[in-house]
Amino acid sequence: MALSKFRELEFSLMSPELVKNMARVRIVTSDLYDADGYPVEGGVMDPRMGVIDPGFHCRTCGGGIGDCPGHFGYLELAKPIIHVLYTKFVYYLLKHTCRKCSRIMTVAAKSPKAGKKSTATAAKCPHCNAQQKKVTFAKPYAFYEDKEELSPMTIRERFEKIPDGDLKALGIRGGRPEWLILTLFPISPVTMRPSITLEGGERSEDDLTHKLVDMVRINQSLKENIDIGAPEFILNDLWELVQYHISTYFDNELTGVPLARHRSGRPLKGIVQRLKAKDGRIRGNLLGKRVNFSARTVISPDPRLSINEVGVPEIISQELTIPEYVTNLNIKHVKELLRSGKVNYVLRPDGRRIKVSEDNKKDLIDNLTIGWTADRQLQEGDIIIFNRQPSLHMVSMMAHRVKITPYRTFRMNPSVCPPYNADFDGDEMNLHALQTEEARTEAECIMDVKYNIKSPRSGGPVIGLDLDQISGIFLLTKKTTLLSKEDASQLLAEAGIEADLPDKKEFTGKELFSMLLPKGLNMEYKANCCENCDDCTRSGCEHDAWVIIKNGEVKSGCIDAKGVGAFKGKIISKIDTLYEDSEEVKNFIDRAGRLGIAFLMRRGFSLGISDLDLDSSVHMRIDQEIKKAEKESNILIEKFKKKELKILPGLTAEASLEAQIMNTLASGVSNVSDIIADNIKKSDIIVMAKSGSKGSMINTTQMAAVVGQETILGKRIKRGYMNRTLPHIRPGDLSPMSHGFVSRGFKDGLTPFELFWNIMNGREGLMDKSLRTRKSGYMQRRLINALQDLKVQHDLSVRNANNQIIQFMAGEDGVDPTKSDNGKINWKEYIV
Amino acid sequence: MTVPPLIKREFKEYAEKHRLSPQEQEKLMAIVEAVYQKSTYDPEEPVGVVSAQSLSEPATQMTMRTYHFAGTAGIQVTLGLPRMIEIFDARKEPRTPTMTIHIDKEHQSIEQVKKIAEQIKEVKLKDIVVSNVIDLTDMWIKCRLDSAKVKEFDIDAASLPKKIKLRGAEASYEGGNLTLKSKNLDIRALYKMKYALLETHIKGIKGVSQVVVTKEEDEWVINTLGSNLKQVFEIEGVDYARSFCNNMFEMYEVLGIEAGRTAIINQAQYTMEEQGLGVDVRYIMLLADLMTVDGEIKAIGRYGISGQKASVLVRASFEETKKHLVAASVRGEKDQLKGAIENIILNQLAPIGTGAFDLVGRIPEGFVAEEEEETTGKKASKTPSGEKSKAAKEKKHKKVKAAKPKKEAKKSKKSRK
């Protein structure tokens, strides 16, 4: 726990005095190591600037590796150098100060219209009336005044004369402007540019060290040349070179500056490159960190676990630890843990960490006293955080309870897949063992799965039954399902549900399901299997699609995706809002899921190719329907050629034709779909489509009869050769067959050309997906960055970090969608 | 906190329907109020992050397909993820600007609506020209007008020459022909002039290339591609209270910032719903409010909200790290470290959510901590875990543990009647 807190962070410029004062060493030589391999004093690797080799101690502070933060050195530059990062400000200052008196030169300085600063350069100084010259900035670091170059020296002299009072007006508050021109250069501590020893004892220096060596060497030679009175052009060349090295030390991606390269040809990393972008210091190390106490492995389903449990492989549980602080209350417990080998490390109050082994176990048990800490292994019932990437959501990280299981995968209830967007085709997930009591408390009270059943996004449930669970419940609650008492009790036992069965011979599936519902639940809704009849008879529905639940008993209707599915589940949503204890919903989902699967296991559930078989008469009708659609399209094409086609408002003739062809074909396919719906065997495929557990009538149609139009960018397939899609097609052919209409189903098989079109469509989908994830990922980053510091205050207003009010009432009514029912408050339900 | 107006209205209706006496009403209102109270936000809830996630998580499921037919109207509009990005970027001009124009009650007959539509649709010279000829010897361009179209668009052909304002040329009209005489003799310029001539705006509102009249729920509505609200509002018969366009900048400029805000909300919500993705409006409203707090529409991103944040660290961590750090040092900026990111960088507890509260523990009277004297305060904040110690904790009232308001709030939610 931090004892002191940062309240404010101030940014400012470094003065030469500061550089000198904080430095411990004056760097005078570009040599790194002497003949014996020891760092040279006064060199860039001077041992007084910090330690990087294990076993050595810092000559300045005495700290070892990790204790010594490193210390700066300084280099006396032979001639002043412009700091590249500040060239923009140097240019700005040159433009707005007088070349003679260095006073600020804004028109506003004299005119009565104060406050309106003009950015235009004045021709004459308003203070000393000196005629001004035009200053130009040539990237990367040269300044000209009417074509005459300004040396850093002159610039520095000018800046020195700028009075402090003018600085404020110029917007400079971080220090004196002459500090933008370097005279003393801070040599960074060795700790921030450690060298690595390769095998064979050869040393490989950091990029920054290389840069510093160059800098010091050229600076030294410049100094010597000045001393011997070398000709001007030599001096200027060297000066320019120092400027280059210092510039690339800061930033090696400057426009107009050749990249400084390593001997191998790899561009060197400047300080800016270290900080910048995704893997830079800020985003890569300060905002995102690698963590300990975490595990990752493949996930697999286990419907017998509760939704807020997670099966952790034993090997993982032995590796992950949680600190147990030894007090007089738990010392016995910890000793017991130690004895059974469930403690990996013990931490003594003096900071020594001891690994527990068979040999020292006895000693440790004897010595263990209050004040020690034991890193105990993960146990059943521990709370941990479970996560799947990409973490787009708050529900991508939720707290689960540990259940130790054999084998090597994490196991989870399939009902929690939707929030994580997980499936079991090889997905991996991460687990984090919580290390502090605070973290565990928060995980328990906020992050537990049972408190996150309702999505904050829409106010509806994100957790619910899925796939087979829904199919099972749907089949169970069908009108025709009758079970003997023996079967019923067997089913409940298999599902792990404890309940007293009334003394009856036969049970309906609805009765069985009703046992899961809390007493006092009343609701009425239309189920997923509703066929949208023209006149709804409601409770008299022949498809049993009108669900009525009275006092926790299903009076009519099948329970399907609308009732218990993730995202839709009305029953789940209702139980969650109505019952104070989240255990209630959790138990409902657990038990309903298990019941569904148990029933499905007894009944059996499978599909085969023959499920898609159709009578030959039906086949004929389908063929006719498709032929009819094609014929109609051909008639449209004929009309188009004769220019008799009805042109749709706002479209060209070609576009109208396309739209009309697409419409005819689509309606043809949908007619086929209707025929199939009426005539196909009532197999398990239909059960899935009806209950909403997986698939739809469209999928069935595509398999059994006709795939339909394949599209690229929402249009019929147009690309390929000139005026035709494939070489065997006549140029200019507009018929459905030649533009991606697939008139066969998957079961019968596609022709090679049809398959080609199908694959074209599939490829488009793949491209779309990869493009979309990138685009939406960046959008999310931007959104999060813009909105991250908004929070609800105690008065329900929304404010940002500056305390600026964004909304007077959060969401205009102060209602948290997570606590609402799909965004609304159903207050009527509370009034009886 | 009083109950929001919507619930009040609902309650009033309910009360009238069930003929409740004032006493009953009062009693029931108390229940309603309690229900409302329980549904409000917990203080310090990070709504911003939740909003951002709620808006962008469904975006991953959106289609990239740019174009879609807007209903039967036959106008193609950008939708899906590209449109969403367009809204958040606050582009000055959307890729497909459209208007939805409502007509007032007095002009609801189909003839009148069509007349208004005609006034709106832009007519260029090329729309009414059958053929054009260039005469290179005399340097003129001759356009034959389609007399049927001239009639259809109700154009006074004789006044056409006045509308053509091309430099170095003179237009004249005679018997169904429009002639443009060039004064200089550059052939290439003449060709260029031909295109300029054909693109001349004759009638209607500039930029409105498509106009479709449709019936929406017993009412005639005009949908357009291309927008210019200001000019449309001047046409008689247009119901300017209900007409709108999909360009929030235009809405803002013509109708003010509140309209701009509403436009953002409506457009974002429409885009989401069109894709079949349910997102609570409150999140979209928060975003729209953030984009418009300062009285002008600001984009989400580098040049908008994120680039104008007060904290140097927040700006540097987003984009353009170098620029922000360098500028901060020259200006001598101070970071107040009030936000979440800044504190994460400094390895401190961020003042958001449960992190915004301090822990206050009260040691029960007469309690003497045996081990606390010998250890530091550091250890004092830790409690032993494990079921055994937990039971002991409760029994002995050892410490009032981490009673964060958040925890209590969450628990109280679940202890509803």
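Keep in mind that this is a model prediction, so the values were computed, not measured. (Residues numbered from 1 in each chain as written. Chains lettered and ligands numbered in written order. Predicted model: local features only at pLDDT ≥ 70, side-chain atom pairs only at ≥ 80, totals over all residues.)

J.: I tried to follow the overall build of chain B on my own but got confused; where do I start?
T.: Each helix and strand counted, chain B has 18 helices and 13 strands in total. Within the span of chain B, comprising 417 residues, buried residues form 35% of the whole. (Helix = DSSP H or I, 4+ residues; strand = E, 2+ residues; numbered from the N terminus. Buried ≥ 20, exposed ≤ 12 C-beta atoms within 10 Å, placed from the backbone.)

J.: Teacher, can you tell me more about the overall build of chain A here?
T.: Along chain A, the regular secondary structure elements total 24 helices and 31 strands. For chain A, whose C-alpha radius of gyration is 38 Å, the value lies well above the compact-globule estimate of 28 Å for 832 residues. The principal-axis extent of the C-alpha atoms belonging to chain A is close to 110 × 95 × 65 Å. Going through the 832 residues of chain A one by one, you find that 40% of them count as buried. Restricting the contact set of chain A to residue pairs at least 6 apart, pairs at least 24 apart contribute 66%. (Rg over C-alpha atoms; globule rule 2.2 N^0.38 Å. Contact = placed C-beta atoms within 7 Å.)

J.: What is the right way to read the sheet that holds strand β23 (residues 546–550) of chain A from this model?
T.: Note on sheets: strands pair through backbone hydrogen bonds, and any given pair is parallel or antiparallel. Residue and element names in this part refer to chain A. As summarised here, the arrangement of the three strands in space is β22-β23-β24, forming an open sheet in which the pairing is antiparallel. Single-partner strands in this sheet number two, and they are β22 (523–526) and β24 (553–556). Within this sheet the neighbouring strands show an average axis-to-axis angle of 25 degrees, counted without direction. Sheet topology note: the β23/β24 ladder contains three bridges and is antiparallel. Following the sheet pairing, lysine 550 is matched in β24 by glutamate 553. (Pairing = 2+ DSSP bridges. Axes fitted to C-alpha atoms, helices over the stretch in contact; angles between N-to-C directions.)

J.: What exactly am I supposed to notice about helix α8 (residues 187–198) of chain B here?
T.: Since the α-helix packs 3.6 residues into each turn, any two residues three or four apart lie on the same face. Residues and elements named next belong to chain B. Compared with an ideal rise of 1.5 Å per residue, which puts twelve residues at 16 Å, α8 spans 17 Å between its outermost C-alpha atoms and is within 8% of the ideal. Taken residue by residue, α8 has Leu190, Met193 and Leu197 as its buried positions. The buried side chains of α8 occupy one side of the element, clustering within an arc of 55 degrees when seen end-on. Opposite the packed face of α8, turned more than 90 degrees from it, sit the exposed residues Arg188, Lys192 and Tyr195. Each element contacted by the buried residues of α8 is listed here: β5 (129–135), β6 (140–145), β7 (169–174) and β8 (177–182). (Expected span 1.5 Å × (residues − 1). Arc of directions from axis to C-beta.)

J.: Would you explain the interface of chain B and chain A in this entry?
T.: Interface extent is often summarised as the accessible area lost during association of the parts. Facing the 107 residues of chain B at the interface are 104 residues of chain A. Here the side of chain B that touches chain A takes ten residues from helix α3 (residues 47–56) of chain B, the largest share from any one element. Taken together, the residues that form the side of chain B that touches chain A break down as 51 nonpolar, 29 polar and 27 charged. Relative to strand β13 (residues 334–335) of chain B, strand β1 (residues 9–10) of chain A runs antiparallel, the two sharing two bridges. When the sheet's bridge partners are listed, A:Glu10 is paired in β13(B) with B:Lys334. (Nonpolar A, V, L, I, M, F, W, Y, C, P; charged D, E, K, R; others polar.)

J.: I keep staring at the sheet that holds strand β7 (residues 181–187) of chain A and nothing clicks. Help me out?
T.: All names here are of chain A. Taken in spatial order, the three strands of this open sheet run β2-β3-β7, and their pairing is mixed. Lying at the two open borders of the sheet, with one neighbouring strand each, are β2 (23–26) and β7. Strand after strand, the sheet turns through a mean of 45 degrees between neighbouring axes, direction not considered. Pairing of β2 with strand β3 (residues 72–82) involves three bridges; the strand directions are parallel. In the strand pairing of β3, valine 25 is matched with glycine 73. Strands in contact with helix α5 (residues 207–227) are β3 and β7; relative to β3, the strand with the most contacts, it is inclined by about 55 degrees. Most of the contacts of helix α6 (residues 232–250) go to β3, to which it runs at about 130 degrees, and overall it touches β3 and β7.

J.: What's the story with the packing of helix α10 (residues 248–255) of chain B against helix α11 (residues 257–274) of chain B in this structure? I'm lost.
T.: In a packed pair of helices, the relevant descriptors are the angle between the two axes and the axis-to-axis distance. All names here are of chain B. Between α10 and α11, whose axes approach to 7 Å, the crossing angle comes to 155 degrees. When the axes of α10 and α11 are compared, the pair comes out roughly antiparallel. By crossing handedness, the relation of α10 to α11 is classed as right-handed. Contacts from Met248, Met251, Tyr252 and Leu255 of α10 reach α11 at Ile257, Ala259, Gly260, Ala263, Ile264 and Gln267. Among the residues making up the contact of α10 with α11, the classes are represented as eight nonpolar, two polar and no charged. (Parallel < 35°, antiparallel > 145°, perpendicular 65-115°, else oblique. Left-handed = near helix turned anticlockwise from the far one by under 90°.)

J.: Before we go on, may I ask you to explain the domain arrangement of chain B in this structure?
T.: By domain assignment, chain B separates into domain 1 (5–39), domain 2 (123–203), domain 3 (309–356) and domain 4 (360–401). Spacing between the C-alpha centres of domain 1 of chain B and domain 3 of chain B amounts to 47 Å. (Domains from an automatic or database assignment.)

J.: Please clarify how the domain arrangement of chain A should be interpreted in this entry.
T.: Residues and elements named next belong to chain A. Taken as a whole, chain A is organised into domain 1 (80–110 + 119–181), domain 2 (294–451), domain 3 (468–603) and domain 4 (609–750). If you average the C-alpha positions of domain 2 and of domain 3, the two centres end up 35 Å apart. Opposite the eleven residues of domain 2 that make contact, domain 3 presents 13 residues. A class-by-class count of the residues in the side of domain 2 that touches domain 3 yields five nonpolar, four polar and two charged.

J.: Before we go on, may I ask you to explain the pairing of strand β12 (residues 321–325) of chain A in this structure?
T.: The side chains of a regular strand alternate, first on one face of the sheet and then on the other. Residue and element names in this part refer to chain A. With four of its five residues buried, β12 lies for the most part within the structure. Here β12 pairs with strand β15 (residues 373–377) via five bridges, running antiparallel. Bridge assignment links isoleucine 322 to a residue of β15, and that residue is arginine 376.

J.: Is there a simple way to explain the environment of B:Thr137 in this structure?
T.: Residue and element names in this part refer to chain B. Residue position: threonine 137 is located in the loop between β5 and β6. By the C-beta count within 10 Å, which is 5 here, threonine 137 ends up exposed. Placed 50 residues apart in sequence, threonine 137 and isoleucine 187 show a C-alpha to C-alpha distance of 9.7 Å.

J.: Can you help me understand the environment of B:Val281 in this one?
T.: Along the chain, B:Val281 turns up in helix α12 (residues 281–292). Along the primary structure B:Val281 and B:Gln269 are separated by twelve residues, whereas in three dimensions their C-alpha atoms are 7.2 Å apart. Not counting chain neighbours up to four residues away, the residues in contact with B:Val281 comprise A:Gly823, B:Ile265 and B:Gln269.

J.: Teacher, can you tell me more about helix α2 (residues 22–39) of chain B here?
T.: Residues and elements named next belong to chain B. Taking 1.5 Å of rise per residue, 18 residues should cover 26 Å, and α2 covers 25 Å from first to last C-alpha, within 8% of that figure. Every buried residue of α2 is accounted for by Val32, Val35 and Ser39. The buried residues of α2 occupy an angular sector of 55 degrees when projected down its axis, which confines them to one face. More than 90 degrees from the buried face of α2, the exposed residues found are Pro22, Gln23, Glu26, Lys27, Ala30 and Gln37. Against the buried residues of α2 lie α1 (5–17).

J.: Honestly, the nonpolar core in this entry has me stumped. Any pointers?
T.: A:Ile473, A:Leu783, A:Leu787, B:Leu286, B:Leu287 and B:Leu290 are the most contacted members of the largest nonpolar core, which has 143 residues in total. If you tally residues by element for this core, the top one is helix α19 (residues 582–603) of chain A, at nine residues. Each residue touching A:Ile473, except ones within four places of it in the same chain, is listed here: A:Leu465, A:Phe513, A:Ile559, A:Val564, A:Ala592, A:Leu595 and A:Gly596. Within the second largest apolar cluster, 65 residues are counted, among which are A:Cys58, A:Leu85, A:Ile172 and A:Val190. (Core = buried A, V, L, I, M, F, W, Y, C linked by C-beta atoms within 7 Å.)

J.: Before we go on, may I ask you to explain the confidence of the model for chain A in this structure?
T.: Interpretation of this model should avoid reading the predicted coordinates in detail wherever pLDDT is low. Across chain A, the average pLDDT comes to 88, with 97% of residues at or above 70. The low-confidence segment residues 108–119 of chain A (pLDDT under 50) makes twelve contacts with residues lying over four places distant or belonging to another chain. (pLDDT = per-residue confidence, 0-100.)

J.: Can you help me understand unusual backbone geometry in this one?
T.: Only a minority of non-glycine residues have a phi that is not negative, and only a minority of peptide bonds are not trans. All names here are of chain A. Along the chain, glutamine 389 connects to proline 390 via a cis peptide bond; the corresponding omega equals 0 degrees. Mapped onto the secondary structure, proline 390 falls in the loop between β16 (383–387) and β17 (397–405). A positive phi angle, close to 50 degrees, is found at aspartate 146, a residue other than glycine. Locating aspartate 146 in the fold gives a position in the loop between β5 (142–145) and β6 (148–150).

J.: Got a minute to help me understand the environment of A:Val19 in this structure?
T.: All names here are of chain A. Mapped onto the fold, valine 19 is located in helix α1 (residues 16–22). Separated by 166 residues in sequence, valine 19 and phenylalanine 185 place their C-alpha atoms 7.2 Å apart. Every residue in contact with valine 19, bar those within four places of it in the chain, is listed here: Met14, Tyr74, Leu184 and Pro186.

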